[in-house]
Amino acid sequence: MYTDATAAEIDAVVKKSWEAFHQYRKFPLKRRADFMRAIAVEMESLGDELLKIVSSETNLPLLRLQNERARTIFQLNSYADACERGEWMEIRIDTEIPDRNPPKPDLRKMMVPLGPVVVFGASNFPFAYSTAGGDTACAFAAGCPVIVKAHPAHAETSEQVAGAILKAAKKMNMPEGIFAHIHGAGFEVGRSLVTHPLTKAVGFTGSFSGGKALFDLSSQRREPIPVFAEMSSVNPVFLLPEKLKQSPEEIARLYGGSITLGVGQFCTNPGLIFGIDSENLDQFISILGTEIKKTIPGTMLHPGIAKAYIDKRKTAISQESVETIAVSEVAPKENQAIATIASASGQAFLNNPVLHQEIFGPYSLVIRCRDMNEMISVAKHIEGQLTSTLMATETDMRNNEAFVEEVKNICGRFILNGVPTGVEVCLSMQHGGPFPATTDSRFTSVGADGIKRFARPLCFQNWTNALLPDELKNENPLALWRTVNDRLTKDAVF
């Protein structure tokens, strides 16, 4: 239905975005925020008809889509509020000391927008990580125009949401080119967008291969640009001895639900579970297997994801020393995923890189470690993750401080006695982790701190008050929090 954008069309779109940038970056914070709020209104006004379109394209149930749409609208509004508050700008002011030897100049620093941002829609979140999702909202808040490449698996959904954004832009008198929406199933469209000299940043959520390819393209440019890619995570869970002894059944039922939630199609799906070989671990595995057997197979987002799950699952369970513990007792239909739990030894895990790989779907591998020393060794061999989870008592934690430090070192969100699925949208959330989970572990793609991805610091030295941007003026006309001479305040500078 939709054709790939041509190189000429992409060039025209990015140039128009660059022109819009020179206007939009000067807009007051409130005007940016009001634009974002207007997008939320227009998106909500699309009503249930939009949900029907999304459900037909993604196989996601209406309740899930209602919740995701509500989350996306909340993101737009909450990031708009954060944009207006301005804390993300990290304003620093150090006033001059002219009689010091040598004299100290007046220095004032704030974050300013990077320029046009290309956002790649995600397959598994047609609202929250796609056309009007978190990357788009963060870029608008930072003062950047956005070019969205629709995900081909829900192209019509993306088109509808793009229409809402453009409608809001017109109502709010935004500059032409503030937002653009293009289609492209082929790699060349992505390549053209990332390598265009006027593109200044990229937001991506998807596979490791896709994110790494975009990152490599950006690095090879004459002017490299940041690519903020969320890519691959198996979200390891570590069952420590005392906690497992206390509640093996409770933990097993908790994780049975987490592994199969949304047919396992979450970037925070717990794909690896580690425990020390014992009767308690046997009990945990047995109960988890029972939960998995009761799971009814679900239809995956699209045939490509279903095929990838089937192929990777087959590869994983066919590895030497891997034992299949349980599968769903209901036979899957076309494009459905059969929930699976398998098991292997700690030594097998250490020797076989295939067992480390993400399998996107309702699959998890339980690793039986000989003892705590082997569990520490295993933790040292796990790559960067979005999350790591400890199921542990306080005694477990105190008795294994070195192990806790190892696990902390590989993740962006460190969970105690919970599940990784479920990502709260708030300032304290960190949704990003060491490579290969993301391309830059310093930033988050969830929460208003994500705005900082699309801005850079700029220092003004010895500028007169009249020429400074409002954010840095002595009188603080926007009533922003600023660090003035090492003191956080909203007071004017005297």
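Look up a bit, the structure's there.
Residues numbered from 1 in each chain as written. Predicted model: local features only at pLDDT ≥ 70, side-chain atom pairs only at ≥ 80, totals over all residues. Heavy atoms only, no water.

**A few points about helix H10 (residues 248–260)**
Counted at 1.5 Å a residue, the expected span for H10 with its 13 residues is 18 Å, and the 18 Å between its end C-alpha atoms agrees. The complete set of buried residues in H10 reads Pro248, Ile251, Ala252, Tyr255, Gly256, Ser258, Ile259 and Thr260. Following H10 by one or two positions, Gly262 has its phi on the positive side, about 60°. (Helix = DSSP H or I, 4+ residues; strand = E, 2+ residues; numbered from the N terminus. Expected span 1.5 Å × (residues − 1). Buried < 20%, exposed > 50% of the residue type's maximum accessible area, 1.4 Å probe, protein only.)

**A few points about the packing of aromatic side chains**
Summed over the entire model, instances satisfying the criterion amount to 15 aromatic pairs. Considering the side-chain rings of Phe125 and Phe266, the 5.8 Å spacing of their centres and the 55° angle between planes classify their relative orientation as tilted. Taken together, the residues Phe125 in the loop between strand S3 (117–120) and helix H5 (134–142) and Phe266 in the loop between H10 and strand S9 (272–276) connect sequence positions 141 residues apart. Exposure remark for Phe125: the relative accessible area of 9% places this residue in the buried category. Assessed through its relative accessible area of 14%, Phe266 is described here as buried. Ring geometry for Phe460 versus Trp463: centroids 5.0 Å apart, planes at 85°, classification edge-to-face. Residue class for Phe460 comes out buried when judged on its relative accessible area of 11%. Taken together through their ring pairs, the aromatic side chains of Tyr24, Phe27, Phe35 and Phe140 make up a single cluster. The residue whose ring lies beneath Arg31 is Phe27, and the NZ or CZ to ring-centre distance is 3.9 Å. A cation over an aromatic ring shows up here: Arg64 above the ring of Phe125, its NZ or CZ 4.9 Å from the ring centre. (Phe/Tyr/Trp six-rings, centres within 6.5 Å; stacked < 30°, edge-to-face > 60°. Lys NZ or Arg CZ within 6 Å of the ring centre and 35° of its normal.)

**So, the sheet that holds strand S18 (residues 482–484)**
One open sheet accounts for five strands, arranged S17-S2-S1-S18-S19; its pairing is mixed. Both outer strands of the open sheet, strand S17 (455–461) and strand S19 (487–489), are each paired with one neighbouring strand and no more. Sheet twist, expressed as the average angle between the axes of neighbouring strands with direction ignored, equals 25°. Bridge count for strand S2 (residues 107–113) against S17 is seven bridges, and the pairing is antiparallel. (Pairing = 2+ DSSP bridges. Axes fitted to C-alpha atoms, helices over the stretch in contact; angles between N-to-C directions.)

**What about the packing of H10 against helix H11 (residues 279–293)?**
Across the interface, H10 lies against H11 with an axial gap of 8 Å and an inter-helix angle of 40°. Between H10 and H11, the interaxial angle falls into the category oblique. The element H10 and its partner H11 pack so that their crossing is right-handed. Contacts between H10 and H11 involve Pro248, Glu249, Ile251, Ala252, Arg253, Tyr255, Gly256, Ile259 and Thr260 from the former and Asn280, Gln283, Phe284, Ile287, Leu288, Glu291 and Ile292 from the latter. Residues of the contact of H10 with H11, tallied by class, amount to nine nonpolar, four polar and three charged. (Parallel < 35°, antiparallel > 145°, perpendicular 65-115°, else oblique. Left-handed = near helix turned anticlockwise from the far one by under 90°. Contact = heavy atoms within 4.5 Å. Nonpolar A, V, L, I, M, F, W, Y, C, P; charged D, E, K, R; others polar.)

**Some words on unusual backbone geometry**
Across the junction of Asn101 and Pro102, the peptide omega takes the value 0°, indicating a cis bond. Along the polypeptide, Pro102 turns up in the loop between strand S1 (92–94) and S2. The linkage connecting Phe435 with the following residue, Pro436, adopts the cis geometry, with an omega of 10°. Looking at the secondary structure, you find Pro436 in the loop between strand S16 (411–416) and S17. Phi angles above zero are rare outside glycine, and Asn335 is one such case at about 65°. For Asn335, the position within the fold is in the loop between strand S11 (323–327) and strand S12 (336–337).

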